[in-house]
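Structural overview for review
Next come the chains, spelled out residue by residue.
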Amino acid sequence: MSDSIADIVNGVIDDSLSDEQVIDWLQNIFDNGLDEQSTITLTESMRDSGEVLTWPEDWKHLVVDKHSTGGVGDKVSISLAPALASCGLKVPMISGRGLGHTGGTLDKLESIAGFRIDLSIAELQQQIADIGVAMVGQTDSLVPADRRMYALRDVSGTVASIPLITSSIVSKKAAEGLAALVLDVKHGRAAFMSEREKAEALAQSMADAANGMGITTSVVLSTMDNPLGCAVGNALEIVESVETLCGRGPHDLEDLVCVQGGILLAASGIVGEMEEGALMIHDSLNDGSAFEKFLQMVDAQGGNRDDFSSDHSMLSSLGLLDEGVLSTEIYAEHKGWIEDIDAMSIALGCLDLGSGRKKLADTVDHAVGAIIETQVGDEVEVGDSLIVIYHRGELPEGLSESISSAFNIEKDPVEIKSRITEIIG
Ligand code: URA
């Protein structure tokens, strides 16, 4: 079985297997699953289908990354990667674009004028050696097997298979030559896997595969029912990431950044315990060192750090002060406590404004989106602002109503729960 998996992956990349043959094989895995060892063999074979990054012996144990299964307003990476680098870790972060209603780190970073996400492998390695952090897109030479397999999964309805998702995600992380990895696996209404049991099964499978390949891996299970933080939309999320890098971020976002950072600092041996690492990340957000790392990364990747020297220059360079960008505010119609903010309604509304792609060929409007003015647990009076929508031209019909109905206001105070439901590993 192990040999045949490696042979099949070879057949995927050298085109000796036809699309029909590859689809038959994928369908078999989709229908029958794969045991843990075969999932590791598949993941290793996919990793080895292309280039695998190597790092100098004296700091290869410091090379780390994170992966999130995606959500609404999930901008953890943009604050976490520089914060980790400011604490001494090396972060060659390879991210993706928005998928359906979920946002993508690359789309957010491209709101920054001049920012290049297409570094070559040599440029990426040099930048990691120089400043410790880079945030880039997938290159053609890393894990080519995944490109063909993913495209064939897409057309054959075999995407939603735990071993196939595991091998796809973990092979790409393993090709970065990581020593440690943290996975943020979301569950809830606006998550890729809405049911907690399924998210847990995926989390365990990814952790087993990555640990089995020698990458020290932990999983944070977290809810994705409400948007993360207040900003949804690419440029708006960069502003909130900068706020977080300067110690002024929303609590739920800062909590995920500190916990995931703490896990990676402990896994790399920089600190003894995750809690100590979380405090170290918290300090880096408050003492300017994480923000300085972010500015170094912006400069190194073609942007201009001076764009972030004042609020006005930041908003202007991100296109948020364009005259064409209009704002519409939605107000509370009754008093009470915010019990729920439905992330899916907000995400679909923002998608309608152009913040993401409905089809692969769609262009993204980086300046549109929404800022949520209240959070779950807040008390509101009639007429208080709930959310401000940033858009161009008239709002699409019904959008204001659907975004307004995302907010549920109850008569009694509401308990605020942590987003983190479990940490595995
Ligand atoms: N993201 C990936 O990269 N691969 C999958 O299979 C699913 C999500």
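We now turn to the structure provided with this report. Just so you know, these numbers come straight off a predicted model, no measurement behind them.

Quick word on the nonpolar core
Grouped together as the largest cluster of nonpolar side chains are 135 residues, with contacts concentrated most on L42, F294, F308 and I346. Here this core takes eight residues from helix α11 (residues 251-267), the largest share from any one element. Leave out the neighbours within four places in its chain, and L42 touches I5, V9, W25, I29, L34, M149, L164 and S167.

Here we look at the state of the cysteines
Applying the stated criterion to the full structure yields zero disulfides. Here C246 is not disulfide-linked; the sulfur of C258 is the nearest cysteine sulfur, at 14 Å. Note on C246: relative accessible area 22%, which makes it partly exposed.

Focus on the site of the ligand
Every residue lining the ligand is accounted for by Y150, R153, I165, S168, I169 and K172. Contact between the ligand and R153: an oxygen atom at 2.8 Å from a side-chain N or O atom of the residue. The fraction of the free accessible surface of the ligand (230 Å²) that becomes covered by protein chains is 84%. The element best represented in the shell around the ligand is helix α8 (residues 162-174), accounting for four residues. A per-class count over the shell around the ligand returns three nonpolar, one polar and two charged.

Examining the sheet that holds strand β11 (residues 385-392)
Across the sheet, four strands lie side by side as β6-β9-β11-β7; this open sheet has antiparallel pairing. Both outer strands of the open sheet, β6 (231-232) and β7 (325-331), are each paired with one neighbouring strand and no more. Of the strand pairs in this sheet, β6 and strand β9 (residues 369-372) are connected by two bridges, and their pairing is antiparallel. Within the sheet, the bridge partner assigned to A231 lies in β9 and is I371.

Regarding the side chain of S168
By the secondary structure assignment, S168 is in helix α8. A polar side-chain atom of S168 sits 2.9 Å from a polar atom in the side chain of D146. Not counting chain neighbours up to four residues away, the residues in contact with S168 comprise M46, D146, Y150 and R153.

As for the pairing of strand β12 (residues 407-410)
Every second residue of β12 is oriented toward a common face, the buried set being F407 and I409 and the non-buried set N408 and E410. Of the pairings in the sheet, the one linking strand β8 (residues 336-341) to β12 comprises four bridges and is antiparallel in character. The residue bridging W337 from the neighbouring strand is E410, located in β12.

Calculation notes
- Residues numbered from 1 in each chain as written.
- Predicted model: local features only at pLDDT ≥ 70, side-chain atom pairs only at ≥ 80, totals over all residues.
- Heavy atoms only, no water.
- Core = buried A, V, L, I, M, F, W, Y, C linked by side-chain atoms within 4.5 Å.
- Buried < 20%, exposed > 50% of the residue type's maximum accessible area, 1.4 Å probe, protein only.
- Helix = DSSP H or I, 4+ residues; strand = E, 2+ residues; numbered from the N terminus.
- Contact = heavy atoms within 4.5 Å.
- Disulfide = S-S within 2.5 Å.
- Near = heavy atom within 4 Å.
- Polar contact = N/O pair within 3.5 Å; in protein donor to acceptor, adjacent residues only side chain to side chain.
- Areas by Shrake-Rupley, 256 points an atom, 1.4 Å probe, with all protein chains shown as cover.
- Nonpolar A, V, L, I, M, F, W, Y, C, P; charged D, E, K, R; others polar.
- Pairing = 2+ DSSP bridges.

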